[in-house]
Amino acid sequence: ISKELQQAREEWEAMEEIRSGLGGTSAGAAPPISFNEALQYFQTADLSECRKKVQATVRRQGLAALVHFLFGPPRLQPQLQEERELALAMAQCGLDDNESVHMRILQTIYKKLTRSRLGCPRYGAHWEELGFQGADPRTDLRGTGMLGLMQMLHFVMDSQRLPLAQEIFKLSQHETQAPAITLILLQNFPFCIMSVNITRIVIQALREERLSRECNRRQQVIAVLNDLYAAAFLQLYRVWKWQHKTIADSGFLLKELELSTKKKPKQLLKSLEAYVNRSPAADGLQQLSPPTVSAGGHQASKEINFTGVCDLHIELEGEARLI
């Protein structure tokens, strides 16, 4: 590229930022933020109000509490409980337009997924193209808060996982033709809403102490959450792509993914490690069981509609599940 052409491109991009309202020192014009920088911000921020809302573990009563105490997973070690509370406090922290770090996180996710050098306006239809339900991402983060965005940020800022994130985003955007049939199957799905649902699953696995053994082994909490999030997204991606799933299957798949995340987190983490290392075991991912067929010949998964995270309900007694 000639020097003149490069200069012309830079001038054009600068003009586009000004036209988009993103010139100067706004979040859109700011450099991408790393996950560690964002995490350091939350470690030092005043999250006292968010911490008041934290319920570290699921409440169990009666026989369920006794069975969990006798036969359930180990408790999280005391030295890790503060990190668990930080993660859950971030989940209670809403997106704040006045916090520059929040805006930089949002803009970084946009730039990495779209491979754009330009930022974007705070509100607009471009967020729907990313897979949010409307023009304002904040409305889709209830229940996961900034932890939902932090997990997306880690996914796109990790150099080994960014290609996977972009592949999943690519699949969420277009249609695929299934073999041996003439119908076109629309395999698109709302990427960010799916991501938020996966974060919600990971949060519940943490609160149910399903991840305590792995956290104790590694002496980490947030890193385990991020790894499990990526592993669950990888599992969903492979099943969705190779079994030619559509949005009609999403409720069933999320339900099965929740069970896998809670009951076999170690297996999911090994699958992610194999994928990242590109070993032959990467093809040995646990496959979700096919949808059951009712007496009328219809798939049972049709009864479970894909819902936004705002429509999900949590059962505090026993196992919390997606609906």
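Residues numbered from 1 in each chain as written. Predicted model: local features only at pLDDT ≥ 70, side-chain atom pairs only at ≥ 80, totals over all residues. Heavy atoms only, no water.

(A) Layout of the packing of helix H6 (residues 100-114) against helix H8 (residues 145-157). As a packed pair, H6 and H8 sit with axes 9 Å apart at the nearest point and diverge in direction by 40°. As the angle between them shows, H6 and H8 are arranged oblique. Seen along the crossing, H6 lies across H8 with a hand that is left-handed. Contact residues: His-102, Ile-105, Leu-106, Thr-108, Ile-109, Lys-112 and Leu-113 in H6; Met-146, Leu-149, Met-150, Met-152, Leu-153, Val-156 and Met-157 in H8. Broken down by class, the residue content of the contact of H6 with H8 amounts to 11 nonpolar, 2 polar and 1 charged. (Axes fitted to C-alpha atoms, helices over the stretch in contact; angles between N-to-C directions. Helix = DSSP H or I, 4+ residues; strand = E, 2+ residues; numbered from the N terminus. Parallel < 35°, antiparallel > 145°, perpendicular 65-115°, else oblique. Left-handed = near helix turned anticlockwise from the far one by under 90°. Contact = heavy atoms within 4.5 Å. Nonpolar A, V, L, I, M, F, W, Y, C, P; charged D, E, K, R; others polar.)

(B) Main features of the state of the cysteines. This model, assessed by the stated rule, comprises 0 disulfides. Of all cysteine sulfurs, the one in Cys-50 lies closest to Cys-93, which takes part in no disulfide; the gap is 4.5 Å. We classify Cys-93 as buried; its relative accessible area is 8%. (Disulfide = S-S within 2.5 Å. Buried < 20%, exposed > 50% of the residue type's maximum accessible area, 1.4 Å probe, protein only.)

(C) Examining the packing of helix H10 (residues 191-207) against helix H12 (residues 222-242) more closely. With their axes 10 Å apart at the nearest point, H10 and H12 run at an angle of 130° to one another. Judged by the inter-axis angle, H10 sits oblique to H12. Crossing hand, H10 versus H12: right-handed. Two secondary-structure elements touch here, H10 through Phe-191, Met-194, Ser-195, Ile-198, Thr-199, Val-202 and Leu-206 and H12 through Leu-225, Leu-228, Tyr-229, Ala-232, Phe-233, Leu-236 and Trp-240. Residues of the contact of H10 with H12, tallied by class, amount to 12 nonpolar, 2 polar and no charged.

(D) Structural view of the environment of Thr-261. Note that Thr-261 resides in helix H13 (residues 250-263). For the pair Thr-261 and Ala-231, spaced 30 residues apart in the sequence, the C-alpha separation amounts to 9.0 Å. Setting aside chain neighbours within four positions, we find Thr-261 in contact with Ile-201, Ala-205, Leu-211, Leu-228, Ala-232 and Leu-268.

(E) Focus on the nonpolar core. Of all hydrophobic cores here, the largest spans 82 residues; its most connected members are Phe-42, Ile-105, Leu-149, Met-150 and Phe-233. Considering each element in turn, this core owes the most residues, 14 residues, to H12. (Core = buried A, V, L, I, M, F, W, Y, C linked by side-chain atoms within 4.5 Å.)

(F) The arrangement of the packing of aromatic side chains in detail. Taken as a whole and judged by the stated rule, the model has 9 aromatic pairs. The interplanar angle of 90° and the centroid separation of 5.5 Å between the aromatic rings of Phe-155 and Tyr-229 together place this pair among those described as edge-to-face. You can see Phe-155 sitting in helix H8 and its partner Tyr-229 sitting in helix H12, a full 74 residues away along the chain. Residue classification places Tyr-229 among the buried residues on the basis of a relative accessible area of 1%. Members of the aromatic cluster, connected to one another through ring pairs, are Phe-155, Phe-169, Phe-191, Tyr-229 and Phe-233. A cation over an aromatic ring shows up here: Arg-122 above the ring of Tyr-123, its NZ or CZ 4.5 Å from the ring centre. (Phe/Tyr/Trp six-rings, centres within 6.5 Å; stacked < 30°, edge-to-face > 60°. Lys NZ or Arg CZ within 6 Å of the ring centre and 35° of its normal.)

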